[in-house]
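Each chain is listed here by its residues.
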Amino acid sequence: YLPGLRQSRGARAATRAIKQIVDPHRAVREAREAFDRAPTVDHRMRLGAALLDVGNAAEALEHYQAAANGPFASDPALLEGLARAQLATGRHADAQATLERLFAAHPQARDQSEPSLLYARTLAALDAPGARDAFERALTNASDVAARCLFAEWLARQSDAADRERAKSLYSEIVHDARHWPRHAREHNREWLQRAQAALGQ
């Protein structure tokens, strides 16, 4: 049981979160050293991901763009990372185009938690008409509560009273479910729980 827990997605995410608190730039230093030793596409992507995690989206975007111009331009992890960096730097239309390239090359990515939520967030940032359907799909694919919280935030900004009621319901679900989360799930979902609690408290 314990080895399985240690290797679960939530447990790994919680471990990364703890490391980020203790030494937030350690992953960047290690990735930069690896890239300096061997500037491979894999090392460039690792550095890009580490830079995104500490909020340096502009430099991360440079690395992902450089990697995307090479022979691995259709790699799913590369396209997802590039879209993350584009969204984080406000290049929403570019992020949409990148994600649509990802889905065209790898149709299964549409039903994976991270790409489907990233696409919903991108369409929401563009105020595109497909945002609602994209969020509904992201909810179906979700592996944590990020999709629920972000969809609720989008619904709360809509003019329809029914949307705002559903937003409140989604926030309430997050707060209710949090009572039953194991410790690693609480660590992994801490930001979304806090956002849901704050929204309900307003």
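Use the structure listed above.
Below or above, wherever it landed, is the structure these notes cover. (Residues numbered from 1 in each chain as written. Predicted model: local features only at pLDDT ≥ 70, side-chain atom pairs only at ≥ 80, totals over all residues. Heavy atoms only, no water.)

1. What about the overall build of the protein?
- Across its full length, the protein holds 13 helices and zero strands.
- Scanning the protein from its N terminus toward the C terminus, one meets helices and strands in the order α-α-α-α-α-α-α-α-α-α-α-α-α.
- Looking at the 202 residues of the protein, the share that counts as buried comes to 38%.
- Only carbon and sulfur atoms are counted for the fraction: they give 50% of the accessible area of the protein, which is about 11200 Å². (Helix = DSSP H or I, 4+ residues; strand = E, 2+ residues; numbered from the N terminus. Buried < 20%, exposed > 50% of the residue type's maximum accessible area, 1.4 Å probe, protein only. Areas by Shrake-Rupley, 256 points an atom, 1.4 Å probe, with all protein chains shown as cover.)

2. Considering the pattern of salt bridges
- Inspection of the entire model under this criterion finds 11 salt bridges.
- We note a salt bridge from arginine 148 to glutamate 173, for which the minimum N-O separation is 3.5 Å. Here arginine 148 is found in helix H10 (residues 146-156), whereas its partner glutamate 173 is found in helix H11 (residues 161-178), with 25 residues between them in sequence.
- By relative accessible area, arginine 148 is classed as buried at 17%.
- Given a relative accessible area of 35%, glutamate 173 falls into the partly exposed group.
- Close ionic contact of arginine 195 with glutamate 191 constitutes a salt bridge, the shortest N to O distance being 2.5 Å. Linking arginine 195 with glutamate 191, this pair stays in helix H13 (residues 190-201), spanning four residues, or about one helical turn.
- On the basis of relative accessible area, glutamate 191 is assigned to the partly exposed category, the value being 40%.
- One network of salt bridges, in which partners are shared, links Arg148, Glu173 and Asp177. (Salt bridge = Lys/Arg side-chain N within 4 Å of Asp/Glu carboxyl O.)

3. Some thoughts on the packing of aromatic side chains
- One pass over the full model with this rule turns up four aromatic pairs.
- Each ring, one from phenylalanine 103 and one from tyrosine 119, has its centre 5.3 Å from the other, and the planes form 85°; the classification is edge-to-face. Remark: tyrosine 119 occurs in helix H8 (residues 113-125) and phenylalanine 103 occurs in helix H7 (residues 92-105); sequence separation between them is 16 residues.
- Consider the rings of phenylalanine 135 and tryptophan 154, whose centres lie 6.0 Å apart with planes at 40°: the pair is tilted. A residue pair is termed long-range when its members are at least 10 positions apart, and phenylalanine 135 in helix H9 (residues 131-141) and tryptophan 154 in helix H10 qualify at 19 residues. Across this residue pair, the class does not change: phenylalanine 135 and tryptophan 154 are buried.
- Grouped by ring-pair contacts, the aromatic residues Phe135, Phe151 and Trp154 constitute a single cluster.
- One Lys or Arg, arginine 110, reaches over the ring of tyrosine 119 and ends 5.9 Å from the middle of that ring. (Phe/Tyr/Trp six-rings, centres within 6.5 Å; stacked < 30°, edge-to-face > 60°. Lys NZ or Arg CZ within 6 Å of the ring centre and 35° of its normal.)

Bear in mind that shape data such as this cannot, by itself, settle questions of function.
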